Every structure is written in C-alpha cells, then in structure tokens.
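Okay, here's what each chain looks like letter by letter:
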Protein chains: 2
Amino acid sequence: MEAQTYTITFKVEGGKDLLVPVLPGESILEGAKKANLAIDAPCSGNGTCGKCRVKLLEGDVESKETRHIAPEEYSAGYRLACSSGVRSNLTVFVPASALAYQTHMKVTDLSTSREQGIFAALQEELRDMGLSADHGLELVTVQLPKPALDDAMADQERLLWALAEPLQSDPESIRMSLYALRSLPQLLRGSDFSCRCVVRREPDQRYTVLDIYPGRDSETPVLPGLAIDIGTTSVSILLVNLQTGEPLAVGSAGNGQIRYGADVISRIIESTRPGGLARLHKAVTEDCIVPLIKQIAQTAGLPPERIYRVVVAGNTTMTHLFLAVSPEHLRLEPYVPAFFANGTLRGAELGIGVHPDAEVEIAPSIGSYVGGDITAGAFSSMIFKKESLSLLIDLGTNGELVFGNGEFLMSCACSAGPAFEGGDISCGMRATDGAIEACSIDRDTMEPVFTIIGPSGQKPVGLCGSGLIDTIGELFRCGIINAKGRIVREGKRTPRDEWGIGSYILAFADQSESGRDIALTETDIDNFIRAKGAIFSAIRTMLTIVDFPVDAIEQVYVSGGIGSGINVEQAIRIGMFPNLSLEQYHYIGNSSLSGAYGMLCSRKAAGKVAEIARGMTYLELSSHPSYMDEFVAACFIPHTDSDLFSPQE
Amino acid sequence: MEAQTYTITFKVEGGKDLLVPVLPGESILEGAKKANLAIDAPCSGNGTCGKCRVKLLEGDVESKETRHIAPEEYSAGYRLACSSGVRSNLTVFVPASALAYQTHMKVTDLSTSREQGIFAALQEELRDMGLSADHGLELVTVQLPKPALDDAMADQERLLWALAEPLQSDPESIRMSLYALRSLPQLLRGSDFSCRCVVRREPDQRYTVLDIYPGRDSETPVLPGLAIDIGTTSVSILLVNLQTGEPLAVGSAGNGQIRYGADVISRIIESTRPGGLARLHKAVTEDCIVPLIKQIAQTAGLPPERIYRVVVAGNTTMTHLFLAVSPEHLRLEPYVPAFFANGTLRGAELGIGVHPDAEVEIAPSIGSYVGGDITAGAFSSMIFKKESLSLLIDLGTNGELVFGNGEFLMSCACSAGPAFEGGDISCGMRATDGAIEACSIDRDTMEPVFTIIGPSGQKPVGLCGSGLIDTIGELFRCGIINAKGRIVREGKRTPRDEWGIGSYILAFADQSESGRDIALTETDIDNFIRAKGAIFSAIRTMLTIVDFPVDAIEQVYVSGGIGSGINVEQAIRIGMFPNLSLEQYHYIGNSSLSGAYGMLCSRKAAGKVAEIARGMTYLELSSHPSYMDEFVAACFIPHTDSDLFSPQE
C-alpha cells in the first residue's frame with residue numbers, strides 16, 4: 001500500500017503557483033524543496049533564523065510556537081515553513097521576503113559605480129607589474145583572396161593561410177574553433193572575404209581562432225571576459241572589456257545553494273545525500289551563474305557565447321561544487337580536497353553558456369578551508385609584494401585571514417558565520433537595494449539616522465554587514481546596549497525598544513518596505529558578537545602562533561561584499577578589529593572578485609596567484625590551545641581585556 | 001483568421017501513435033516530417049521511388065494513381081504518403097516497410113564475423129608499417145601514499161605526483177580531465193589509494209588523465225575506440241579494443257537524414273531551409289549515431305562515455321552536417337567547402353555521448369565531392385604505397401574512384417545514385433537481414449536461387465547491392481533481359497514475369513517477409529544501368545584524362561557496404577567494371593570504415609591520411625568534353641562497344 005500523501009499549493013508572490021505532493025508530517029520547507037521553490041533557510045531548517053515565514057491560507061499544520069512569529073501574526077496564519085508539519089492539503093502563500101537570495105539578482109552598469117575605482121586601481125597595479133593585457137587574446141583583421149574555380153581552397157584553410165603572416169606562424173599551428181567555423185562560410189561571403197578574427201595564443205605557441213566578425217568597415221568588436229566570485233552566500237560577476245581592462249558591468253545574486261543551508265558544512269552534508277551533489281551543482285550554475293551571465297551580457301549588449309575568457313574564485317567547497325566534484329572529504333579527517341588547482345578548462349565543459357572554447361581558470365585553493373577566494377584576494381591586496389607586515393581580513397560567511405609580506409604569507413580560517421552577509425540576523429540582508437549600509441544614533445534622543453542602498457526614495461528592507469557594525473557600535477556608544485550586548489533596561493530607555501522585550505527598532509512598520517518593523521534583537525546582537533569575536537580572536541591567535549604582537553601589523557586590508565565599506569572606527573570600538581590607527585586600514589571591496597579580475601586580465605597574474613598558493617602556509621587555529629580562550633574573551637564589547645581597546649597615545 | 005487545419009493520426013507499426021496538425025492540401029509525408037516520423041522517401045517526395053506506401057484507415061485524400069500501387073492495393077487503402085494531399089482528418093497506418101532506414105539499426109558481435117578478417121589484415125599492414133598501437137593512450141597503475149593530517153595534499157595533485165615517475169614527466173605537465181576528477185575521491189578511497197589511469201600522451205608531450213579505474217587487484221579495463229563511417233545512405237560504426245587493435249563489435253543503421261532526400265544535393269538544399277541545418281545535424285547525430293553508439297557500447301558491455309578515441313570518415317557533405325557546418329557552398333560555384341581538415345576535436349564539442357575529452361578526428365576531404373571517406377579509403381586500400389597502377393572503386397551513393405600508386409594519386413566522383421545501397425530500386429535495401437546478397441538463375445527453368453543475409457530461416461525482404469548486380473547479370477546471361485535492360489517478350493518467357501508487365505519476380509508474396517512480391521521492374525533495371533554506366537564511364541574518362549588505357553590498370557580494389565562482396569564476373573558481364581582478369585580484383589569491404597579504423601589505431605596513420613589528402617589530385621569529370629558520350633555509351637549491357645567486354649585471350 002502506498003503511503004497517503006497531501007498536496008501543498010504554493011502561491012508565490014510575483015510568481016507562478018506550484019503544486020507538490022508531500023507525506024504527512026513532512027515540513028512545508030521540505031515540500032518547497034521538492035517543488036524546487038527556493039524558500040530562504042540559512043539555518044538549514046532548524047527554526048532559528050526565522051527567514052522562512054510563510055502564510056497559511058488553507059489547511060492544517062502542526063507548528064511549534066516561535067519567537068519569530070508574534071501572537072497576532074500567528075493568528076493571521078504566519079508560520080515558519082521549516083517548523084510546520086503537514087496535516088492536510090495546504091494552500092500556502094510565500095511572500096517575496098521568504099524567497100531565497102538568488103531571486104534577487106542585480107546587475108549594474110559600471111559607468112558611475114564606486115567599484116570602478118577599485119578595479120581601475122588594480123589595473124594600474126597590473127600595469128606597473130607589467131601584467132596588463134596579457135590575456136592571450138588578440139583581434140587580427142585579414143583580407144582573404146576570393147575563391148575561384150582554379151582556387152577552390154576551403155574557407156577555413158583559406159583563413160588560416162591568411163592569418164599565418166600577421167601571426168608570424170605557420171598555418172598548421174593555427175586551429176579554428178568549431179564555433180567560429182560554423183559562422184565562417186556565411187560571414188566571409190557577406191563581408192567580401194574580409195574579416196576580424198578573435199585569436200588566442202596558446203601556451204604552446206599555437207593559436208586558436210575563437211570567433212570571427214566582419215572585416216575592416218565594421219565596428220571593432222569587444223573582447224569580453226568574465227570574473228566570477230562564488231561566495232557561500234552570494235555570487236558576484238564582473239564583465240570586463242579585455243582590450244582596455246575596463247569593467248563593463250557588475251552583477252550579483254544570492255548563491256542558489258542557500259536553500260540547502262547557510263554554511264559550507266551544511267552544503268557538504270547535502271552533497272553526500274542521494275542526488276545532492278547534482279542539486280548543489282545545478283543550484284549554483286543553472287539557477288544562479290547562468291542567468292546572471294545572461295543578464296550581465298544583455299546589459300552590455302553582448303551575446304554570452306562571445307565571452308572568451310573566464311576566471312572563477314571561490315572557497316574550496318564552492319569550487320568543488322561548481323565543478324560538480326564531491327566536497328565530502330573536506331570535512332572528514334584528514335581534510336583532503338579533491339583538487340587544489342585545475343589546468344585550464346573550456347567553456348563547453350562547464351555548461352555556463354559562455355564561448356565553448358573559452359579558457360576558464362579556477363583560482364587555486366591551498367586547503368579544505370582556505371580556497372581560491374583567498375589566494376585571489378591575497379593577490380589583489382598586493383600583500384605578497386609589500387615590505388610592511390600586512391594583514392588581509394576577508395569578511396565572508398567564513399572569515400579568512402592572510403598575514404605576511406613579500407617574504408612570507410600565512411593564512412587561517414575562522415567560522416564567523418553569515419552575520420556579515422545578512423545571515424543569522426533577523427533583519428539581515430545582503431548589500432543590495434533596501435539595505436541599511438551605514439547608521440548613526442543620536443546619543444540624546446537615541447534616534448537613528450541611516451543610509452540606504454538603492455535609488456532615492458528607497459525604503460529600508462534590512463541591515464547589511466556594514467550597517468550592522470555601525471548600528472551595534474552606535475548602540476554601544478550611546479549606552480543602549482552593554483558590554484554583553486544586552487539592552488540596558490535601567491536609566492534612560494530608548495523609545496525604540498517599543499515592547500520592552502530587548503530589541504532596538506531601526507525602522508517602524510510604516511516606514512519599512514515590508515510593512516514590518518526592522519529591529520535588532522538581543523539574539524541578533526549575540527550572533528553578531530560571536531561573529532566579531534571569531535574574527536578578533538583569530539587575528540590574535542594567528543599572530544601569537546608566529547610570535548608577533550598585534551601592533552606589529554603595519555597595514556590592514558579589509559575585504560568582503562558587506563556594503564559601503566567598513567566604518568573602521570566602529571569596528572575597533574566594538575572590538576572586532578585591532579586597535580590600530582585609522583590610516584593603517586584600507587577597505588578593498590570584494591578582494592576575491594578583484595583577484596579574479598586580475599587573473600582575467602593577465603595570465604601572468606594567474607601564474608602569480610598559483611605561486612602565492614604554493615608559497616602560503618596554512619594555520620589550523622582550532623588545534624591551538626589558546627584559541628578557545630581567546631574566542632571567549634573576545635565575545636564582549638569590545639573585549640574582556642579592555643586595555644586592548646583603550647584610546648591610543 | 002487562422003487557416004483551417006486537419007489532424008493526422010499516424011498508427012506506426014511497432015511504435016506509438018502520433019498526432020499532428022496539417023494544413024489542407026499538405027501531403028501525408030509533410031505531416032510525417034512535422035511529427036518527426038521518419039517515413040522513407042529517398043526520392044525526396046517526387047512519387048518516383050514508391051517507398052512511402054502507407055495505408056489510409058480513415059479520412060479522405062487527394063491522391064494520384066501511381067505504378068507503385070496496384071489497383072487492388074489502391075482499393076485496400078494503400079497510398080504513397082508523398083502524393084496524397086490531406087482533405088480531412090486522417091488515420092494512417094504506417095507499415096514497418098515504410099519507415100526510413102534508421103529504425104533498422106543492427107549491431108553485431110564480431111567474434112564470428114567475416115569483417116573481422118578485413119580488419120585483421122589491415123592491423124597486420126599497420127604493424128608492418130610500424131603504425132600499430134600508436135593511438136596515444138596507455139594504462140598506468142599507481143599506488144598513492146595515503147593522506148594524513150601532516151600530508152593533506154589534494155587527491156588530484158597526489159595522483160599527478162604519483163604518475164610523474166612512470167610517465168617520466170613532471171607533475172605540471174600532466175592534467176586531469178574533469179570527468180576523471182569527478183570520480184577520483186570516491187574511487188581512491190574504495191581501492192586503498194591504488195588505481196589504474198587511462199592516460200593520453202598529447203602531441204606537445206604533455207599528458208591528460210582521461211579516466212581512472214580501481215587498482216592492481218581489479219580486472220584490466222579495456223581502452224575502447226570507435227571508427228565511424230557516415231555514408232549518405234547508411235552509417236557504420238566499429239568498436240575497437242585499442243590495446244589489441246581487435247574489433248569488438250560492428251553496427252550500422254540508415255542515415256537518419258534519408259527522410260530529407262537520398263542524395264547529397266537534396267541534403268544540401270534542405271540545409272539552406274530555415275532550421276534545416278539543425279534538423280540534418282540532429283538526424284545524423286541524435287537520431288542515428290548516438291543510439292548506435294549506445295547500442296554498440298551495450299553489446300560490448302562498456303559505458304559510451306568510456307570511449308576514449310573516435311575517428312569519423314564521410315563524404316564532404318556528411319562531415320559538414322556532422323559538425324553542423326553549412327554545406328551550402330559545396331554546390332555553388334566555385335564549389336568551396338567550409339573546411340578540408342579539422343584539428344583534433346573533443347567529445348564534449350560533438351554531443352555524441354562519448355568521453356567528453358575523447359580525441360575526435362575527422363578524415364580530411366580534398367574537395368566538395370571527394371571527402372574523408374575516400375582519403376581514408378585510399379589509405380586502407382594501401383594504394384598509396386604500391387608500385388603497381390591501382391584503381392579504387394568505392395561504391396556508395398556517390399561512386400568515387402582513386403587511381404594511382406606510390407608515385408601519384410588522383411580521384412574523381414560520379415553520381416551513381418543510391419542503387420548500390422538499395423535506393424532507386426523498388427525492392428532495394430541495405431545489406432542487412434533479409435537482403436538477397438547473391439543470386440543465380442537457371443538458364444533453362446529461369447528460376448532463381450539466392451542467398452539471404454540473416455539467421456537460418458530468414459525470409460527475403462529485398463535486394464542489396466551485391467544481389468542486384470548478380471540478378472541483373474544473371475537476367476542478361478539467361479536472355480531474360482536484353483542489352484537495353486528490357487524484359488524479352490519474344491520466344492521463351494519467364495514464368496516470373498507473372499503479369500507480363502515487364503518485371504522479374506524473385507520471390508512471390510507467400511515466400512517473402514513482407515507478404516508482397518519481391519520483383520525487379522524495368523524501371524529498376526533502368527536505374528541500375530545508369531548507375532553502373534556512371535561507374536564505368538567515370539573509369540574510362542579518368543584514365544583518358546591522364547592518358548592511360550583501361551588495361552594499364554594492374555590492380556582493382558572494390559569497396560562499399562553493398563553485401564557479400566561483389567561477384568566481379570557478373571560486374572564485368574554487365575559492363576560495370578573493366579574487363580580485367582578476376583585475379584586483379586580485390587573486394588575490400590567498407591574502405592571508409594576500415595580507413596577510419598586505421599586512423600583510430602594509429603595517430604601516424606591519421607597523419608598518413610592527411611598526407612594522402614594533400615597529395616591527391618581531384619579531376620572534375622563533368623568538365624571533360626567526352627564524359628557525356630562515355631556515359632551514354634555505357635548505358636547498355638554491357639556497352640555499345642561490346643569489344644570492350646569480349647572474352648580476353
């Protein structure tokens with residue numbers, strides 16, 4: 001006898017209805033996964049994050065009470081999808097706010113963006129290092145002799161002979177991509193046998209004709225390349241004109257894998273379930289990178305299949321999943337990845353819709369928990385060629401640190417959790433439209449003033465990483481929270497703790513985009529303190545291991561896609577960053593993406609990243625006896641040892 | 001207002017029902033094409049071949065009378081699909097006999113096949129030339145050190161380091177295919193870190209690990225390769241154990257493109273229609289080669305994606321369509337192909353289901369009408385290294401000739417039409433089960449005795465090329481037909497011209513597989529005479545151009561997949577082949593397939609074929625003034641100049 005099943009009808013805000021059969025007792029979230037509906041669940045369905053709030057329209061569920069649903073919301077039918085077991089056929093409304101990040105794709109033309117500045121500076125650095133325009137691609141214009149009855153050489157061979165002279169090669173050393181061959185007969189006859197060829201110089205000094213365009217009288221084609229940063233929480237891509245190094249457009253989206261958990265460990269566990277690896281691979285490629293590439297190419301007016309070079313950087317788990325290679329052993333002793341570095345791959349192998357013969361390079365990892373995002377980041381920070389002792393702090397779902405200079409480099413990872421990217425925080429979000437990215441609080445009125453990402457008139461949606469650091473710094477500075485992160489209930493109380501339940505309301509329901517209060521709760525602050533404590537204790541432990549005091553650090557590079565950059569003063573105030581002078585800090589944006597950008601513009605830069613990877617030492621913090629003590633001590637604002645953060649002389 | 005449409009319901013013998021909307025007046029054949037139902041129509045729907053006989057079960061069509069449908073069949077509902085315009089909703093029965101060839105896929109284990117002999121002989125030749133086992137693949141067994149906390153090198157890098165010693169290479173010169181990487185972590189841990197690697201030596205002395213198998217204690221894996229001959233009418237494939245050169249299985253199927261016409265010209269025209277190129281590409285790959293590869297791999301107990309090397313030979317139109325490159329300009333002055341030769345392609349580029357990194361080589365063409373089938377055939381015939389003046393006659397849909405020896409080679413093409421492969425002949429078929437492959441007729445009784453391909457008890461289905469030559473030779477020898485190919489109506493008449501309508505019934509309805517007479521009509525004989533006349537006149541014209549008499553030919557190699565080999569005596573009797581002694585003739589089977597087999601076993605052999613292609617001269621017969629006269633003179637049995645075929649001294 002088959003088990004009885006119920007049907008859930010999902011009514012998705014701004015989307016189509018979905019029907020899916022479920023077994024009695026399965027959760028609404030499990031039903032959503034079966035329907036391939038990406039309901040946000042960074043806590044992997046433990047009922048702790050509160051992001052999967054849906055509204056029950058019809059039917060009966062078994063649902064625990066939760067602090068994430070207020071009593072009047074509960075009466076209105078709101079439930080957490082993860083904590084609601086199905087007891088009948090259901091009709092469930094899924095508000096846009098419950099949809100996982102990948103639906104929030106954003107692509108921006110870069111003509112006015114502030115990120116342009118970071119890439120321009122890096123391009124300058126590459127030029128200084130003699131690494132610019134070393135991507136191997138060139139445009140060669142040729143005029144072919146026209147075929148005749150007594151000259152019936154095939155089109156392809158005719159072209160290769162014509163290319164031999166400008167390339168100073170022999171025709172046998174030039175091959176033609178099938179992609180180019182397919183358009184060749186038509187194109188030659190439409191352009192009077194004059195054409196422009198996109199030619200790639202191969203490492204063995206042979207050449208590949210990747211593409212052809214009409215000749216002399218036509219517009220000069222762009223040679224586009226793509227840098228991709230695959231983060232655990234979000235994916236960023238950058239479309240670059242390889243001839244000039246100029247970024248054309250930038251895009252980002254939530255990593256489609258988020259529905260399988262917020263951190264790499266949840267993803268690795270999911271990958272070992274039947275079909276899990278294929279699901280995770282599809283979630284980050286087909287459901288995320290492919291549409292993002294389509295969108296960014298469209299923004300720039302280019303067909304995706306004419307993108308000729310791609311560089312991908314990501315942490316070790318992400319690059320494994322991107323290549324559909326099992327990351328299972330990353331978390332099993334002795335923590336061995338399937339690969340550190342790949343040879344150059346081809347577009348057609350990866351199914352991401354770029355040119356089938358595109359060179360695709362993956363930034364190399366050095367271990368299970370220090371990946372290509374860090375080796376690429378170490379490159380773009382330029383630490384590897386500095387004299388001064390420098391520290392790179394990369395704030396992602398995992399926090400990673402690199403310390404060293406031109407002489408040595410060491411790295412470590414710490415589980416900061418997704419707080420800086422909006423995870424684990426009830427009103428947290430990525431640094432995209434509607435995010436509060438900066439905040440100050442008036443000490444007298446205790447009223448906040450904030451800056452919101454997005455067009456003028458944009459209402460606030462939530463807090464991104466930089467806004468969170470600001471807000472908590474300000475709450476502490478104004479005495480609204482104490483060193484333990486608790487709302488101070490004695491003395492003058494903030495009118496923004498409306499219910500007296502230990503929260504600070506940044507925006508009331510009538511001012512917010514969602515029509516719900518945007519508030520930081522003590523749980524949020526707790527989660528944040530653990531995240532910032534993980535960062536600071538990792539810095540202290542790493543320096544202790546190599547026998548440097550914290551004030552030996554001469555320069556600090558802070559990276560991560562957390563918003564407007566970091567208000568370092570606040571970050572020091574709350575004990576997240578070491579107490580150095582502000583001039584020593586440099587915010588360098590998404591260093592994984594800009595490292596990938598460097599590798600994209602220059603094969604030699606890619607070789608440099610490989611060299612960095614080979615030379616970098618990995619420190620395992622958790623095996624160091626003092627790490628746990630350091631962490632506990634850092635879980636205060638600013639620290640149990642407040643001398644560390646007393647004003648400097 | 002939308003045009004009115006009717007619906008045809010196709011009831012396919014041995015298949016599923018198909019429904020398709022059609023416009024009034026469209027033919028049943030057009031409806032079948034829309035439904036992607038491959039009804040056989042080698043005449044492209046001109047009503048001349050009679051292969052598209054279907055049975056109308058319900059509905060009304062406008063249908064011309066035709067000699068292909070007898071009056072009592074007409075009353076029973078039989079119609080030609082191509083000549084029946086739809087006038088109402090229809091239900092149409094499609095008998096298996098009307099389905100195009102590709103449904104008749106056949107794969108044979110080669111342990112007892114006679115073809116084995118041809119490949120064994122070629123393997124011997126390769127060995128003599130020092131070309132055997134030069135396919136670049138090898139199996140390397142390695143034992144890896146096991147990872148530990150203090151040795152956390154990634155799996156891939158661990159393997160590459162272990163391979164460096166046996167390959168006498170450095171690890172940086174070895175790369176791993178993504179396909180292999182994906183199975184690596186699981187496989188190593190399941191086999192105690194011992195494994196066997198399939199490694200390919202690349203032309204630049206680097207290595208690629210294509211695949212991995214468990215190590216020492218397991219069965220030695222086979223390294224399979226695939227030779228493919230893409231003919232206009234049929235596709236043949238040969239699965240080979242590359243370690244030994246031994247053929248494992250052979251398969252063939254009708255070229256799925258047949259529904260778009262029997263000859264290359266019809267296919268080229270179809271390719272220029274909207275979507276035509278994609279349809280033709282799909283018809284030969286997805287609908288034909290892919291299932292054939294699946295089937296042959298299954299026969300040998302191997303997964304298709306573990307086929308590591310592929311060589312494809314075909315005429316110029318076929319290789320263009322296989323690569324989805326437009327053949328349009330092959331038939332437009334100045335007759336220029338898009339390409340002669342390709343660099344090595346990769347499995348993933350072609351979507352035929354073999355290993356994504358498999359090396360795929362295409363035998364090079366030398367012109368619009370002399371393709372890779374001929375350059376490969378010239379290799380397998382070994383003409384290119386002979387002292388004696390030799391002639392290769394390849395009997396396909398196009399007849400092609402190569403003449404020369406170790407000093408020079410020239411080639412030409414002649415449109416023989418598809419008669420030798422069963423086209424243009426009412427009872428014609430490919431050399432597969434049920435084909436009459438040899439025939440003799442008793443001069444007194446005028447009764448035939450024939451040999452049928454297939455298992456014992458197989459009833460006859462039709463005539464393949466070799467059976468056709470035999471039958472017509474015997475009809476002439478017995479005086480049943482005259483020099484013009486007409487049934488002799490005076491004197492003693494054959495009881496096999498039952499209706500006195502000018503046909504010879506080889507098998508009566510009650511003896512045949514289909515339950516219909518198998519008969520040769522005067523029209524069939526006419527078509528055949530033009531085919532054989534094209535061959536002989538091409539031989540004469542080519543030799544005249546280079547100033548050799550026909551009897552200068554010392555050896556003749558006859559190839560083509562036309563059945564049991566050719567009864568040369570009959571072929572000379574009817575004036576198809578020159579009147580040389582029988583010992584000078586050698587039947588070498590499908591020389592395109594065996595040439596591809598040679599290239600598969602040896603990269604140097606592939607290089608030799610490229611050399612042959614570069615050195616071969618192409619003669620355009622149609623531009624020679626005497627060719628038309630030669631052809632007319634050859635359209636008799638044996639010839640208007642009967643001295644050419646008088647018994648030799």
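Residues numbered from 1 in each chain as written. Chains lettered and ligands numbered in written order. Predicted model: local features only at pLDDT ≥ 70, side-chain atom pairs only at ≥ 80, totals over all residues. Heavy atoms only, no water.

Caption draft 1: Just the interface of chain A and chain B, in detail. Between chain A and chain B, the residue contacts involve 38 residues of the former and 38 residues of the latter. Approximately 3300 Å² of surface area, both sides summed, lies buried where chain A meets chain B, with 61% of it carried by carbon and sulfur atoms. For the pair chain A and chain B, the number of links is zero salt bridges. Taken together, the connections running from chain A to chain B amount to 14 residue pairs in polar contact (both at pLDDT 80 or more). Mapped by element, the contributors of at least two residues to the side of chain A that touches chain B are α4 (155-167), α5 (178-190) and α9 (347-350) of chain A. Among the elements that take part in the side of chain A that touches chain B, α5(A) stands out by supplying seven residues, more than any other. (Contact = heavy atoms within 4.5 Å. Buried area = accessible area lost by both parts, 1.4 Å probe. Salt bridge = Lys/Arg side-chain N within 4 Å of Asp/Glu carboxyl O. Polar contact = N/O pair within 3.5 Å; in protein donor to acceptor, adjacent residues only side chain to side chain. Helix = DSSP H or I, 4+ residues; strand = E, 2+ residues; numbered from the N terminus.)

Caption draft 2: Here's a closer look at the packing of helix α14 (residues 591-601) of chain B against helix α15 (residues 603-615) of chain B. Residue and element names in this part refer to chain B. Two elements in contact, α14 and α15, have axes separated by 5 Å at closest approach and are oriented at 130°. Relative to α15, α14 is oriented oblique. Contact residues: Gly598, Met599 and Cys601 in α14; Arg603, Ala605, Ala606 and Val609 in α15. (Axes fitted to C-alpha atoms, helices over the stretch in contact; angles between N-to-C directions. Parallel < 35°, antiparallel > 145°, perpendicular 65-115°, else oblique.)

Caption draft 3: How the structure looks around the environment of A:Gly399. Residues and elements named next belong to chain A. Positionally, Gly399 belongs in strand β20 (residues 399-404). Put simply, Gly399 and Ser183 are 216 residues apart on the chain and 47 Å apart in space, counted from C-alpha to C-alpha. Each residue touching Gly399, except ones within four places of it in the same chain, is listed here: Asp394, Cys412, Ala413, Cys414, Ala416 and Ile535.

Caption draft 4: How the structure looks around the sheet that holds strand β29 (residues 617-618) of chain B. Residues and elements named next belong to chain B. Strands sit in the order β28-β27-β19-β20-β21-β29 across an open sheet of six strands; the sheet is mixed. The open sheet terminates on both sides in strands that have one partner only, identified here as β28 (585-587) and β29. Sheet analysis places strand β19 (residues 390-395) next to strand β27 (residues 555-559), joined by five bridges and oriented parallel. Bridged to Ile393 within β27 is Val558. Its contacts with the sheet place helix α12 (residues 522-545) against β19, β20 (399-404) and β21 (409-414), and it is angled at close to 30° to β20. (Pairing = 2+ DSSP bridges.)

Caption draft 5: Just helix α4 (residues 155-167) of chain B, in detail. Residues and elements named next belong to chain B. Over its 13 residues, α4 runs 18 Å from end to end, which matches the ideal 18 Å to within 8%, given 1.5 Å per residue. Looking at α4, one finds that the buried residues are Asp155, Gln156, Glu157, Arg158, Leu159, Leu160, Ala162, Leu163, Ala164 and Leu167. Of the surrounding elements, those touching the buried residues of α4 are β9 (137-143), β10 (174-176), α5 (178-190), β11 (194-201) and β12 (207-214). Immediately beyond the C-terminal end of α4, within one or two residues, lies Gln168, with a positive phi of roughly 50°. (Expected span 1.5 Å × (residues − 1). Buried < 20%, exposed > 50% of the residue type's maximum accessible area, 1.4 Å probe, protein only.)

Caption draft 6: Molecular detail of the side chain of B:Asp211. Residue and element names in this part refer to chain B. Its place among the elements puts Asp211 in strand β12. We classify Asp211 as buried; its relative accessible area is 0%. Side-chain polar atoms of Asp211 contact the side chain of Arg306, separated by 2.8 Å.

Caption draft 7: Just the pairing of strand β14 (residues 234-241) of chain A, in detail. Residues and elements named next belong to chain A. Counted residue by residue, β14 has eight buried out of eight residues, so it is predominantly covered. Taking every second residue as pointing to the same face, both faces of β14 are buried, with Ser234, Ser236, Leu238 and Val240 on one and Val235, Ile237, Leu239 and Asn241 on the other. In the sheet, strand β13 (residues 224-230) pairs with β14 via seven bridges, with the strands oriented antiparallel. Looking across to β14, one finds that Leu226 is bridged to Leu239. Hairpin connection of β13 to β14: three residues between the antiparallel strands. Note: β14 against strand β15 (residues 246-254), eight bridges, orientation antiparallel. By the bridge assignment for β15, Leu238 is matched with Val250. In this structure, the hairpin formed by β14 and β15 is closed by a connection of four residues, where Gly245 is found at a positive phi of approximately 80°.

Caption draft 8: Region of interest: the relation of the copies chain A and chain B. Superposing chain A onto chain B takes a rotation of 180° plus a shift of 0.0 Å along the axis, which leaves an RMSD of 0.1 Å. These values place the two chain copies in the arrangement generated by a two-fold rotation axis. Interface residue correspondence from chain A to chain B reaches 100%, placing this contact among same-surface, isologous pairings. (Least-squares fit on C-alpha atoms with pLDDT ≥ 70 in both.)

Caption draft 9: Looking closely at the sheet that holds strand β22 (residues 435-441) of chain A. All names here are of chain A. Across the sheet, three strands lie side by side as β23-β22-β24; this open sheet has mixed pairing. Edge positions in the sheet fall to β23 (448-452) and β24 (462-463), since each has one partner strand and no second. Sheet topology places β22 next to β24; two bridges connect them, and they run parallel. Across the sheet, the residue bridging to Ala435 is Gly462, located in β24. Against the sheet, helix α11 (residues 465-477) engages β22 and β24, with an angle of about 15° to β22.

Caption draft 10: Main features of the nonpolar core. Ranked by size, the top nonpolar core spans 106 residues in total, and within it A:Leu159, A:Leu163, A:Val209, B:Leu226 and B:Ile228 carry the most contacts. In terms of residue count, the dominant contributor to this core is helix α7 (residues 276-299) of chain B (nine residues). Leaving out residues up to four positions away in the same chain, A:Leu159 has contacts with A:Val142, A:Leu144, A:Met176, A:Leu184, A:Cys195, A:Cys197 and A:Ile212. Judged by nonpolar contacts, the second largest core, of 65 residues, contains B:Met446, B:Leu468, B:Ile518 and B:Ile637. (Core = buried A, V, L, I, M, F, W, Y, C linked by side-chain atoms within 4.5 Å.)

Caption draft 11: Molecular detail of the pattern of salt bridges. Residue and element names in this part refer to chain A. By the definition in use, this model includes 56 salt bridges over all chains. Between Asp287 and Arg259 there is a salt bridge, with its nearest N and O atoms 3.2 Å apart. Residue Asp287 is located in helix α7 (residues 276-299), and its partner Arg259 is located in the loop between β15 and α6 (264-271); the two are separated by 28 residues in the primary sequence. One continuous salt-bridge network, built from bridges that share partners, spans Arg200, Glu202, Arg309, Glu359, Glu361 and Arg603.

Shape is all these values report; function is a separate question.
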